[in-house]
Structure formats: C-alpha cells, structure tokens
Amino acid sequence: MNKLWATGALCAMTIIATPAVAEQINIPALQAEGKTVIKALANELGGELKKAAKASGLDGAIQVCNTKAMPITARISATKGWIISRTSLKLRNPNNAPDNWEKGVLELFGKQASAGANLQKMAFSQVMMNDEGQKVFRMMKAIPVGDQCLACHGSQLKPAVASKLDALYPTDHARGFTAGDLRGAFSLQKVL
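Residues numbered from 1 in each chain as written. Predicted model: local features only at pLDDT ≥ 70, side-chain atom pairs only at ≥ 80, totals over all residues. Heavy atoms only, no water.

S.K.: What's the story with the nonpolar core in this structure? I'm lost.
M.R.: Generally speaking, a soluble globular protein has its nonpolar side chains buried in company with each other. F137 and L188 are the most contacted members of the largest nonpolar core, which totals 20 residues. Breaking this core down by element, the ones donating at least two residues are α2 (27-67), α3 (69-80), β5 (135-144) and β6 (182-191). Looking at this core element by element, the count peaks at eight residues for α2. With sequence-adjacent residues up to four places away left out, F137 is seen in contact with I27, L30, Q31, W82, S125, Q126, V127, L188, Q189, K190 and L192. (Core = buried A, V, L, I, M, F, W, Y, C linked by side-chain atoms within 4.5 Å. Buried < 20%, exposed > 50% of the residue type's maximum accessible area, 1.4 Å probe, protein only. Helix = DSSP H or I, 4+ residues; strand = E, 2+ residues; numbered from the N terminus. Contact = heavy atoms within 4.5 Å.)

S.K.: I keep staring at the side chain of T73 and nothing clicks. Help me out?
M.R.: Considering the arrangement of structural elements, one finds T73 in helix α3. Classification of T73 as buried rests on a relative accessible area of 7%.

S.K.: Before we go on, may I ask you to explain the state of the cysteines in this structure?
M.R.: Defined simply, a disulfide is a covalent bond joining two cysteines at their sulfur atoms. The final tally for this structure, using the stated rule, is zero disulfides. Of all cysteine sulfurs in the structure, the one in C152 sits closest to C149, which takes part in no disulfide; the separation is 8.9 Å. When its relative accessible area of 23% is taken as the criterion, C149 is described as partly exposed. (Disulfide = S-S within 2.5 Å.)

Structural measurements only, silent on function.
Pasting the structure below:
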C-alpha cells in the first residue's frame, strides 16, 4: 500500500513504496539536499549565461547552453553525489529527453500548472527501485519560463537567434513559450 506525504506546497509531494521504507529514509533531508544540488546547478549555469550574454550577447549565451551546460551538469553531479539533469516535454537538445518516470512527472506538472499551481514551488519526489534493482530517491523541480528566457525560448525570436538555434539544434521544439509557462524540470537521482 502506498503512502503519500505533502511537503508544504500544494503540488510538492513524495510517494514512498511502503511504510517500512518511510521509516528508514529521511525524505525531508533528501529533499533539502536535492534542492541544494539544483541551486548549485542553476546558480552556476545562470552565472555562465549572464557572463556570456554580457560579453557576447545572445550568441554567447546560446554557445554556453550548447557547449558548457552538459559539462557543468556532469561536474556538479560528480561532486554532489547525485545524478542531475534537465528535461522537458518540448526539447531543444534530444539528449535531454525524459525517461518514462520523468515524462509522467512533467505531465503531472503540466496539469497542476493548468490548474493554477505555483511553478516556483512545484516539486515531486519518490523512492523507487531502478533498473539495476537499487533503491533510489528521485526528485523533480519545475523550471518556469522567466522573462529572460523568452529571447531564446519565446515565440518572437530575433532572426539571428532563430538562425543560430536552427544551426545548433535542428530538431528544436523549445520555442513558443510565454513568461510563466512550464519550461521543463530539473531531475535528480540518488542511490540509497
């Protein structure tokens, strides 16, 4: 029988497989640790984007996403002991495609966003078994579209930006957003 815990926000919840598992795992501590990992990635990647945009405009920011985002993510994963990634239902980079669990959570986030839930607080976590039979803690945190995101993810892209994105991401579907939309989510895993 599954047990459901709310973490305080309307749409932030954790599902634990059994009550026995819940007694052995400190879910709030894992959620707090996961949030610090997300913050580390968001701060470093955001800092790199701002620095590049200031030095080279949007072309520089696009280059950061294309060449530095994955290495930054891999380094933070290695140093923090978590597997972290970013994913979406509207992908720019096909290497960020969601797995089945992530897709289900993104669809849940979309329904909650449509119902008026606060994207800033939207998170979901679950303890489950991975394909290797290991118990893992999985967590996703929504990424809302901010005003600064619209230059590369909005519906009114400058021709030079659209051209650069077309060249780097020929299968790009991460456009047409408006401020406040659900852009995607950070996804984390930690083997327990």
